[in-house]
Amino acid sequence: MTDLTVVKGKRTPAQRVLGFFGKGFVNFALIVVALLWVIPSLGLLLTSFRTVGDSTTSGWWTVFSRPAQLTLQNYVDLLSNSAITSSLLNSILIVVPATLLVVLVGALAGYAFAWMSFPGRDWLLVAVIVLLAVPLQVALIPVARLFGWLGIFGSIPGVILFHVAFGLPFAIFLLRNFFTQIPREVMEAARVDGASEWRIFTRVILPLGAPAIASLAIFQFLWTWNDLLIGLIFTNAESQPITVAIQSQLRQFGSNIDVLSTGAFVSMVIPLIVFFAFQRYFVQALLAGSNK
Amino acid sequence: MTATVETTAAVPREGGDASPSRSRRRESLVALAFLAPALVLLGALVVYPMVYTGVRSFYNASGEKFIGWDNYVTMFTSASTFTAIRNNIIWVIVAPISCTLIGLVFAVLLDKIRWSTAFKLIIFMPMAISMLAAGVIFRGMFQEDPQIGVVNAAVVAAKSAFTNQSAYPGAKPRNEAGLVAEQGIIATESAVAPGSTADFPLVGIRTDALGDDPTQAAPASGPADDEVTGTVWLDFVRGGGGVNGQIDEGEMGLPGVRVDAVGEDGKVAASAQTQADGTYVISGLEPGASYRVALPAANFAEGATGVPWLSATFITAVVILSYIWIWAGFAMVMIASGLSAMDRSLQEAARVDGATEWKVFTRITAPLLAPVLVVVFVTLIINVLKIFDLVYVIPPGNAKPAANVIAVEMWTVSFGGGNDQGLGSALAILLLLLVLPFMIINVRRFREERSR
């Protein structure tokens, strides 16, 4: 008690007043910032509930004075638009295998880097770190040729392979860092028991590495779902994901605003659900990926 | 503890009679099996393509003829690729610094509020959505029409709070009424002597500008010797009819218009305001002199208009802004976690010694935070160099050339109709070269952390 009063007594009245207003000011400033950050998404959401006619003559903020203009029609139209619904399905068909494959292949390699000794291990690891920053542009032209030769250009398996390859350096790096933190005793115990490496991988590494694997999966899921460039090049009208389907409407921005805003919002829903449900893992992936 | 570990480590893995070298070879083979899928994928789809692109960049568009450095020369001499490179430089200078600074400010201020988790989620949320969706959002927000684009709606609202919008924007004189319009000013063609009249039949005014209770225009009463009189009215009868240049039944006066008499020296000698019926009387003029009667531009100035954000002038700024909207959250989260992992005892000690908050921040917190700031900054630079989606989505067709960046140009040249994969390869290699220094930084950092 006495300690507290002493500490409080150190602050002059002027400091206390300043502190109070300082806090009030910080709160106020951050509320303004938060509003600024929310307005863009809010605008898109409200636009998606307005007709093209309304959207091309007045702003979404008129919704607050005339709520009657809100309508579900755009969503009804969008979900009966087969090009959009099939592209949504394509997105899922691309993202789920791409995520699973990156996790599996990345975990295998990550385990080898973390717990096995083999010649050239450190150099290979440095190579992985170098590949981490390679811009995917350097692979577009040759891989397009390669896929054409293999007959998978424009198909879903091709897109998946490309996503997996460019997701791997991050996956290996992240998982290796996590796997090395598994206590040595646990690994030794498993090896003494005579378990095969495969058995150790499935029974020890994967369960213990679950948090890191979850982080990686979320990250890879969002990255693949939100991709535009790879889909733009490696898919055609039948195999295109939702992002590519939406961008094809961009040419007439104003008159297509119903499809654009609604489609963009639909494409945001799944990543947002994933994000809000698993945001802790997502943040962990970012931290682990760049801090280590 | 250590002893047990060492003894267990010495225990042969399986088959106690295997020689050490054989078991080592076995372990290498097992490791290879675990690495194989990754090595095959990385080799075929990342490493081999890198080499191929490097070679391809020295061949012509069709890939049949070796042309040496020609593609690289083209890259720096063709207008569109040069704009792309210049814009990339602007991006790399502006975007990572802005994101890191904003993230730093947010992360430091987070400590002082109770709702920090909510704030973090709000700022970080754009990271989860696609750049395509973000692009659609920003293109909508920055539409030029203030009726549609929220940014210009705010700009116009702010502007009109400070400038008086004129009563009759866009008004024009009736043709062949002896009037001229120059730079917004409407004036008599010839000079007028005091004691005569000058009428101003105007058109091009929205009828709602007249107000709720318009008054029938009336001819001005006869002027005295030192006066000029006349009428300013809307020379237009709703529903048609009437004679141009004459005051007809149903034509309304324009009240509140300022009328100047301009002397031969170009100075305003006297002025007046029109009445409800549109009449005005300018008095106190020199009889015998001659004046031009003018309605100053302020009467007809257009109201505040929106800024053409999506035009060539502003487009790169707008696209960078959308990038900051997305990535400031990344910087904030990274820096905030660096702050929370920090031992605060140094700061407390400095505060007890009477250091100001600013000093504590610049002398202690910021230096301790430097490694995290470098990580954030380098990650952002690598990311910004290959920026594609936002630049592909936000600019409308006419602003695309001005907003160009290397990744978009690379796509356009090799896949989007340019049909020159030689030049495209050279652009891809340029991106790789630009990223190279930051790769080296990453490898160094990794090595340092391992040797610790």
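Predicted, not measured: the structure shown is a model, and the values here were computed from it.

(A) Structural detail: the overall build of chain B. Helix and strand content of chain B: 14 helices and nine strands. For a compact globule of 452 residues, the expected C-alpha radius of gyration is about 22 Å, and chain B comes in at 37 Å, more than 25% above that figure. Reported as C-alpha extents along the three principal axes, the dimensions of chain B are approximately 130 × 75 × 45 Å. By the burial criterion, 39% of the 452 residues in chain B qualify as buried.

(B) Fine view of the sheet that holds strand β2 (residues 179–182) of chain B. All names here are of chain B. Taking strand neighbours across the sheet as the criterion, the five strands line up as β2-β3-β9-β6-β7 in an open arrangement whose pairing is antiparallel. On the outer flanks of this sheet lie β2 and β7 (268–273), each paired with one strand and no other. In this sheet, adjacent strand axes meet at a mean angle of 25° when their direction is disregarded.

(C) Looking closely at the packing of helix α5 (residues 82–115) of chain A against helix α11 (residues 210–225) of chain A. All names here are of chain A. One way to put it is that α5 packs onto α11 with a least axis distance of 9 Å and a crossing angle of 145°. In this structure, α5 meets α11 at a crossing whose hand is right-handed. Where α5 approaches α11, its residues Ser 91, Ile 94, Val 95, Ala 98, Thr 99, Val 102, Val 103, Gly 106 and Ala 107 are matched on the opposing element by Ile 213, Leu 216, Ala 217, Gln 220, Phe 221, Thr 224 and Trp 225. Residue classes in the contact of α5 with α11 are distributed as 11 nonpolar, five polar and no charged.

(D) How the structure looks around the sheet that holds strand β8 (residues 279–282) of chain B. Taken together, the four strands give an open sheet; going across it, the order is β1-β4-β5-β8 (chain B), and neighbouring strands pair in mixed fashion. Among the strands making up the open sheet, the edge pair consists of β1 (172–173) and β8 of chain B.

(E) Looking closely at unusual backbone geometry. Residue and element names in this part refer to chain B. Backbone geometry places Asn 419, a non-glycine residue, at a positive phi of 60°. Position of Asn 419 relative to the elements: it lies in the loop between α13 (406–414) and α14 (421–451). Residue classification places Asn 419 among the exposed residues on the basis of 12 C-beta atoms within 10 Å.

(F) Molecular detail of the interface of chain B and chain A. Opposite the 79 residues of chain B that make contact, chain A presents 80 residues. Sorting elements by how many residues they give to the side of chain B that touches chain A places helix α2 (residues 20–56) of chain B first, with 18 residues.

(G) Inspection of the nonpolar core at higher detail. Membership of the largest hydrophobic core comes to 172 residues, with the highest contact counts inside it found for A:Val164, A:Ala165, A:Leu168, A:Leu174, A:Leu216, B:Val391 and B:Leu427. Ignoring any residue separated from it by four or fewer positions in sequence, one finds A:Val164 in contact with A:Ala98, A:Leu101, A:Val102, A:Val105 and B:Leu41. Membership of the second largest hydrophobic core comes to 30 residues, among which are B:Tyr168, B:Ala171, B:Val228 and B:Ala294.

(H) Representation of the packing of helix α4 (residues 79–110) of chain B against helix α8 (residues 315–340) of chain B within the structure. All names here are of chain B. The N-to-C vectors of α4 and α8 enclose an angle of 40°; their axes lie 6 Å apart at closest approach. Judged by the inter-axis angle, α4 sits oblique to α8. Note that α4 runs across α8; the crossing there is right-handed. Looking at the contact of α4 with α8, its residues break down into 20 nonpolar, five polar and no charged.

(I) Just the domain arrangement of chain A, in detail. Residue and element names in this part refer to chain A. Domain annotation for chain A reports domain 1 (2–74) and domain 2 (81–291). Centre-to-centre, using C-alpha coordinates, domain 1 lies 35 Å away from domain 2. In this assembly, nine residues from domain 1 lie in contact with eight residues from domain 2. Of all the elements in the fold, those that place two or more residues in the side of domain 1 that touches domain 2 are α2 (13–47) and α3 (52–57). Of the residues in the side of domain 1 that touches domain 2, the class split is three nonpolar, six polar and no charged.

(J) Broad picture of the environment of B:Ala171. Residue and element names in this part refer to chain B. In this structure, Ala 171 sits in the loop between α7 (150–162) and β1. What makes Ala 171 buried here is the crowd of 24 C-beta atoms within 10 Å. Taking the C-alpha atoms as reference, Ala 171 lies 58 Å from Ala 336; in sequence the two are 165 residues apart. For Ala 171, the residues in contact, after removing those within four places along its chain, are Leu 202, Gly 204, Ile 205 and Phe 300.

Conventions and cut-offs
- Residues numbered from 1 in each chain as written.
- Chains lettered and ligands numbered in written order.
- Predicted model: local features only at pLDDT ≥ 70, side-chain atom pairs only at ≥ 80, totals over all residues.
- Helix = DSSP H or I, 4+ residues; strand = E, 2+ residues; numbered from the N terminus.
- Rg over C-alpha atoms; globule rule 2.2 N^0.38 Å.
- Buried ≥ 20, exposed ≤ 12 C-beta atoms within 10 Å, placed from the backbone.
- Pairing = 2+ DSSP bridges.
- Axes fitted to C-alpha atoms, helices over the stretch in contact; angles between N-to-C directions.
- Left-handed = near helix turned anticlockwise from the far one by under 90°.
- Contact = placed C-beta atoms within 7 Å.
- Nonpolar A, V, L, I, M, F, W, Y, C, P; charged D, E, K, R; others polar.
- Core = buried A, V, L, I, M, F, W, Y, C linked by C-beta atoms within 7 Å.
- Parallel < 35°, antiparallel > 145°, perpendicular 65-115°, else oblique.
- Domains from an automatic or database assignment.

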